[in-house]
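Architecture at a glance
Residue strings, one per chain:
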Amino acid sequence: MHPRLQQDLDQFPQILERTRHLAEGFLAGLQQRPVCPPLASQQLQPGDDRLADEGDGALAALDDFWLRYAEGLSASAGPRYFGFVTGGSTPAALAADWLVSTVDQNSQLSHDTVAAAIELATITQLKNLLGLPEVFNGSFVSGATMANFVGMAIGRQWPGQQRGIDVAEQGVTALGPVQVLSANAHSSSVKALSMLGIGRDALKIIDSLPNSEAIDPVALERHLAASIGAPTLVLASAGTVNTVTFDDLPHLLALRERYPFWLHVDAAFGGVAACSPRYAPRLTGWEQADSITVDAHKWLNVPYDSAIQFSRHLALQMQVFQNHSAYLEAPTLRPDNYLHLTPENSRRFRALPLWLALKAYGRSGMQDMVERNVQLAQLLGTALAASEGFRLLAPVNLNVVCFALKNIEGDAVAARDRFIARLDRHGVVRCTPTLYNGQPGIRAALVNWMTQESDIHLALESMQHCLAEPH
Ligand SMILES: *Cc1c(COP(=O)(O)O)cnc(C)c1O
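This one's a predicted model, so the numbers in the text were calculated from it and none came from an experiment. (Residues numbered from 1 in each chain as written. Predicted model: local features only at pLDDT ≥ 70, side-chain atom pairs only at ≥ 80, totals over all residues. Heavy atoms only, no water.)

Judged by pairing direction, the sheet is antiparallel, and its 4 strands sit side by side in the order 8-9-11-10 without closing on themselves. Here the strands that pair on one side only, and so sit at the sheet edges, are strand 8 (390–392) and strand 10 (432–436). Ignoring which end each strand starts from, the neighbouring axes of this sheet average 45 degrees apart. Pairing analysis gives 5 bridges linking strand 10 to strand 11 (residues 439–445), with the strands arranged antiparallel. Of the residues in strand 11, the one forming a bridge with Tyr436 is Gln439. (Pairing = 2+ DSSP bridges. Helix = DSSP H or I, 4+ residues; strand = E, 2+ residues; numbered from the N terminus. Axes fitted to C-alpha atoms, helices over the stretch in contact; angles between N-to-C directions.)

Below, the structure is given as structure tokens:
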């Protein structure tokens, strides 16, 4: 064995202890850490792209990394990172994630680990938490982008099946053009269309309802009626990123009765609201969808990277993802046969963080997280609406506040960007830019388990402070 490997094998306990120590320090300082560290600290230091010949051993490498780069890490796991849709990590999920790397299992039906059985049970518990029926199968993938990819990959197989074409075998050209209809598809779904060979151009944007991000079912029906016979995927939103608007799923289901299409529901973060009886009605109808996306690293607060794809078409899914090789078990149709149901071959034991979090906090813990975030988003929204310097661009539907600067003279985009840059430099709260209804906006998305009322006050103070600074 290489002497450094031998040394690290002997020092394993010290290496783990050192890691624990660094992690503890990071977590203890998370509330004070800038949400956006200084730009200089985000740069690579000279020489650090050079490969070492001998290596320093893990302890020295660890200390060197921490010394040089800890300052360049964002408090994105903390309670005031409202940019994008960024979850943190509950203690149970973090503990599990450490163990995932430690035990380093390949989550497959390989008859040598319990990992796949726990993944299946985690999916079962999540369906229970979110009110999804048993008929759905599901698996862990790296994020909502991949969950959307999987949903649409099966959705592409389905119109082929109707026409006696096996797209997985014959390719998408055998099927011909697929049309993909959506009012507000997330950009990751557009990326998935590219990866799937359906093509970004296949997306036809359907009008939204007036003053809403929800699809206009009448406009959708008009389009469906004019394209009868075309292979069709409808991408519904269950929580848009700007205003957390939910498409009218019962209405879409009624249309599906008349004009057959594959209904994929992107519920990346909005779907988690189904764990609250108060907000579950927003998702009414999703239990009839063909495929569903739910992110775990957002509102379920497990570490990156983790999401769940659900579908009710196990056989079709296996047609797409089956993987034949002399050294692998043949694809038998069962919901935990992940090798034959997901894009990956080897897979991290990605289910464990959610499994442990559900054990640790249960239904009521998840519900608290969701309801507290929504209540705090409403508090933030109310305060911004009542302020001198800000106005809401849309009502606070759930956990996202979409707002803008008030009384801006001149270039509104530039003013917004200057404000966000000042906010970043102040480091207390992170918000990210958007465009809503043609207007430059700012988003604050609340999905972190730690966020409390005091964080909203700190965020508001920082926003007022950055507004008052000379422009
Ligand atoms: C975040 C998000 C995605 C993409 O998710 P990743 O986990 O970043 O891949 C897709 N759809 C919606 C609605 C999202 O909010």
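Attention now moves to the pattern of salt bridges. What the rule picks out here adds up to 18 salt bridges. Between Arg68 and Asp48 there is a salt bridge, with its nearest N and O atoms 2.9 Å apart. Of the two residues, Arg68 sits in helix 3 (residues 58–69) while Asp48 sits in the loop between helix 2 (12–28) and helix 3, which places them 20 residues apart along the sequence. Of the charged contacts, one joins Glu371 and Arg278 as a salt bridge, the two residues approaching to 4.0 Å between their closest N and O atoms. Of this pair, Glu371 sits in helix 13 (residues 351–385) while Arg278 sits in the loop between strand 5 (262–266) and strand 6 (291–295); the two residues are 93 residues apart in sequence, bridging distant segments of the chain. Members of the salt-bridge network, linked through shared partners, are Glu17, Arg20 and Glu24. (Salt bridge = Lys/Arg side-chain N within 4 Å of Asp/Glu carboxyl O.)

Another aspect to go through is unusual backbone geometry. Note the cis peptide between Tyr304 and Asp305, where omega equals -10 degrees. Relative to the helices and strands, Asp305 is located in the loop between strand 6 and strand 7 (307–311). Located in the positive-phi region is Asn211, a residue other than glycine, with phi close to 55 degrees. Structurally, Asn211 can be placed in the loop between strand 3 (203–205) and helix 10 (217–226).

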